[in-house]
Amino acid sequence: MARSKYKKKNINGTDYFFHKLYSEKFQTGYKYIYGKTEQELKDKIKSAEDQLQSGILRNVKTFGDAFTLWFNNVCIVDKKPGSIDRYHGTMENHIKKTKMWETKIAVMDSMTIQEAYKELIADKRTVDTIRTVHKLISPFMRYMYNNGYTIRDFSKAVILPKPTATEQLAKIKQSDVRPMTKDEQLRFIKQIRGHHFEALYLVSIDMGLRQGESFALTWKDIDFDENTIDIYKTYKRVKNIETLKYEDLVGPPKSMNSIRKLNIPKRTGGILKAYKVTQAEMLLRCRIAQNDNTLVFSNQIGGFLDRTYVTRKLREQFALCGIDKEKRFHDLRHTYATRLFELGQEPKVMQKLLGHSDLSTTMETYTHVMDSMKKETISVIDSLYDII
């Protein structure tokens, strides 16, 4: 067997082939490239040389420098604005707050990342936050390794913390599906009669629309002749990471299954028609003409509604009719789904109506309804034997 022209070096108990690649583009004039096998090393050398030729390889001293370049040029290039806003927030509010941000890339290892996570935990970050941070750190370190910046993907050796009992209970409480009971729903429907947001609340409680789907609706999406609504877009208010200003964005939903055509219940259709006339009069007072591209649910000048304001007004209505005011806007949609389950609607049909990406999402979200129905089934069987 021919002897390899590359030397070996043992790092933390593992043998690596290595090569010293020279270039004036490196700060020191050279860079060591490592590979577990000779072929892996050759591939990395070729990749590094190609990058040097194309000018992609940059001189980066610290983790923060490298992460910023990766974030702006790799991470977010194929992401939607909402995702970019979330990722940017994770970087600014958490990753940048650690000592790791100023750590030199050359001295980084898995312990650097582990200590950063420990630092965040000590600063009252939750385990969920750490996991969110890791979802950015992991692909970044993989990119660094694949492009020869580091000798290993250090993120693989990191042990993520487990949530405390308190955090687990808080998460369960936060993720509770809290639909209205039948009695609460009837009280609520009566309470909002004539309210400015009555139609908005009804398309969620009677048709299962998400808030973002409702906010994105224009009048051309509603066919009163056929009594249908086309759902194919959603609204989000996100921060532009370049201007640091919030922007109103309408775009396609996350899942293709969220694109659907829904039939409008007769009563809801009548309320929507009456609301359209009222809105036209409201906009005309501001010298704005209503047309097919006008938002169905808008503010007084035809702009997007403020989520916080809508939620506050909804909770005022909850309080007035004796319903837990901690319920959220999304619980209107949960109420719709719960009623359908109770009426015996097939789960597969439910999935289509709700626009869930798969059936398991529907089943997992509404397990509380399924459990209740199971208990009712047992009661029916018990009553059968009472007759005998």
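The rules behind each value
- All residue numbers refer to positions counted from 1 along the written sequence of the respective chain.
- The predicted origin of the model limits local features to residues at a pLDDT of at least 70 and limits the giving and counting of side-chain atom pairs to 80 or more, whereas totals for whole chains, interfaces and linings rest on all residues.
- Only hydrogens and water are set aside when side-chain values are computed; all heavy atoms of the structure are taken into account.
- Numbering of helices and strands runs from the N terminus, with a helix taken as a DSSP run of H or I at least four residues long and a strand as a DSSP run of E at least two residues long.
- Whenever two N or O atoms come within 3.5 Å, that pair is a polar contact, provided that in protein one can donate a hydrogen and the other can accept it, and provided that, for residues adjacent in sequence, both atoms are side-chain atoms.
- Residue contacts are defined here by distance: any two heavy atoms, one from each residue, within 4.5 Å place the two residues in contact.
- Residues with no salt bridge and a relative accessible area higher than 30% make up the patches, which join like charges within 9 Å and nonpolar side chains (Val, Leu, Ile, Met, Phe, Trp, Tyr) within 5 Å.
- Methods summary: accessible areas were calculated by the Shrake-Rupley approach with a probe of 1.4 Å, and residue burial reflects only the protein chains presented.
- Any carboxyl oxygen of Asp or Glu that lies within 4 Å of a side-chain nitrogen of Lys or Arg is treated as forming a salt bridge with it.
- Counted as positive: Lys and Arg. Counted as negative: Asp and Glu, with His and the chain ends omitted from the count.
- One atom stands in for each charge, and that atom is NZ of Lys, CZ of Arg, CG of Asp or CD of Glu.
- Under the scheme applied here, a residue whose accessible area is under 20% of the maximum for its type counts as buried, over 50% as exposed, and between as partly exposed, the area being computed with a 1.4 Å probe on protein chains only.
- Orientation is described by lines fitted to C-alpha atoms, with helices fitted over the stretch in contact, and by angles between N-to-C directions that extend from 0 to 180 degrees.
- Angles are sorted into four bins: roughly parallel if under 35 degrees, roughly antiparallel if over 145, roughly perpendicular if 65 to 115, and oblique for all others.
- Residue polarity is assigned by list, with Asp, Glu, Lys and Arg as charged and Ala, Val, Leu, Ile, Met, Phe, Trp, Tyr, Cys and Pro as nonpolar; anything else, Gly included, falls into the polar class.
- For two strands to be treated as a pair, DSSP must find no fewer than two bridges joining them.
- Take the buried Ala, Val, Leu, Ile, Met, Phe, Trp, Tyr and Cys residues and link them wherever side-chain atoms come within 4.5 Å; each set so joined is a nonpolar core.
- Here, expected helix span is obtained from the residue count minus one, scaled by 1.5 Å.

Caption draft 1: Just the side chain of Thr98, in detail. For Thr98, the location among the structural elements is in the loop between helix 3 (81–93) and helix 4 (110–122). Within the structure, Thr98 has its side chain in polar contact with the backbone oxygen of Ile95 (distance 2.9 Å). Apart from the residues within four sequence positions on either side, Thr98 is in contact with Ala116, Glu119 and Leu120.

Caption draft 2: Spatial organisation of a positive patch on the surface. On the surface, Lys80, Arg86, Lys236, Lys254 and Arg307 cluster together to form a positively charged patch. With respect to the secondary-structure elements, Lys254 resides in the loop between strand 7 (246–251) and strand 8 (260–263).

Caption draft 3: Molecular detail of unusual backbone geometry. Positioned with a positive phi, Lys124 is a non-glycine residue whose angle comes to about 75 degrees. Looking at where Lys124 falls in the secondary structure, it is placed in the loop between helix 4 and helix 5 (127–146). By relative accessible area, which is 74% here, Lys124 ends up exposed.

Caption draft 4: Structural view of the pattern of salt bridges. Under the criterion given, the structure shown has 15 salt bridges. In this structure, the salt-bridge partner of Glu38 is Lys42, at a minimum N-O distance of 3.8 Å. Taken together, the positions of Glu38 and Lys42, both in helix 1 (residues 38–54) and four residues apart, correspond to about one turn of that helix. Note on Glu38: relative accessible area 26%, which makes it partly exposed. Lys42 sits in the partly exposed class, given a relative accessible area of 37%. Here Arg237 and Asp248 are joined by a salt bridge, their closest N and O atoms 2.9 Å apart. On the criterion of sequence distance, the pair formed by Arg237 in strand 6 (residues 234–239) and Asp248 in strand 7 is long-range, its members being eleven residues apart. Residue Arg237 is classed as partly exposed on the basis of its relative accessible area of 45%. Overlapping salt bridges, with partners in common, bring together Arg178, Arg328 and Asp331 in one network.

Caption draft 5: A look at the packing of helix 2 (residues 63–75) against helix 3. Where helix 2 contacts helix 3, the axes come no closer than 12 Å and their chain directions differ by 175 degrees. The orientation of helix 2 relative to helix 3 falls into the category roughly antiparallel. Residues Phe67, Phe71 and Cys75 of helix 2 lie in contact with helix 3, whose contacting residues are Ile84, Tyr87, His88 and Met91. In terms of residue class, the contact of helix 2 with helix 3 is built from six nonpolar, one polar and no charged.

Caption draft 6: Expanded view of the sheet that holds strand 3 (residues 30–35). Ordered by their spatial adjacency, three strands build an open sheet running 1-2-3, and the pairing between neighbours is antiparallel. In this open sheet, the two strands that pair with only one neighbour each are strand 1 (7–11) and strand 3. The average angle at which neighbouring strand axes cross in this sheet is 45 degrees, direction not considered. As paired elements, strand 2 (residues 14–22) and strand 3 share six bridges and run antiparallel to each other. Its bridge partner lying in strand 3, Lys20 is registered against Tyr32.

Caption draft 7: Expanded view of the nonpolar core. Judged by nonpolar contacts, the single largest core of 37 residues is most densely connected at Phe188, Leu200, Tyr201, Leu272, Phe297 and Leu332. Where this core is concerned, the elements lending two or more residues are helix 7 (182–191), helix 8 (198–205), helix 9 (211–216), strand 5 (228–231), helix 10 (266–284) and helix 11 (307–320). By size, the runner-up hydrophobic cluster in this structure holds 34 residues, among which are Ile11, Cys75, Ile113 and Ile137.

Caption draft 8: Broad picture of the packing of helix 2 against helix 5. The contact between helix 2 and helix 5 brings their axes to 11 Å, and the two run at 95 degrees. Judged by the angle between their axes, helix 2 and helix 5 are roughly perpendicular. Across the interface between the two elements, Phe63, Ala66, Phe67, Trp70, Val74 and Cys75 from helix 2 touch Leu136, Ile137, Pro139, Phe140, Met141, Tyr143 and Met144 from helix 5. Residue composition of the contact of helix 2 with helix 5, by class: 13 nonpolar, no polar and no charged.

Caption draft 9: Representation of the environment of Ile113. Relative to the elements of secondary structure, Ile113 occurs in helix 4. A residue is classified by how much of its surface remains accessible, and Ile113, at 0% relative accessible area, is buried. Separated by 45 residues in sequence, Ile113 and Val158 have C-alpha atoms that sit 7.0 Å apart. Setting aside anything within four residues of it in sequence, one finds Ile113 in contact with Met100, Met108, Ile137, Met141, Phe154, Ser155 and Val158.

Caption draft 10: Molecular detail of helix 5. Its 20 residues place the ends of helix 5 28 Å apart at the C-alpha level, agreeing with the 28 Å of an ideal helix rising 1.5 Å per residue. Residue Gly148 follows helix 5 closely and has a positive phi angle near 80 degrees.

Caption draft 11: Summary view of the pairing of strand 5. As defined by bridge partners, strand 4 (residues 222–223) adjoins strand 5 across two bridges and the pair is classed as antiparallel. Considered in strand 5, the bridge of Ile222 is made with Ile229. As consecutive antiparallel partners, strand 4 and strand 5 are separated by four residues, and within that stretch Asn227 has a phi angle of approximately 55 degrees, a positive value. As judged from the four bridges shared by strand 5 and strand 8, these two strands associate in the antiparallel manner. What sits directly across from Ile231, in strand 8, is Arg260.

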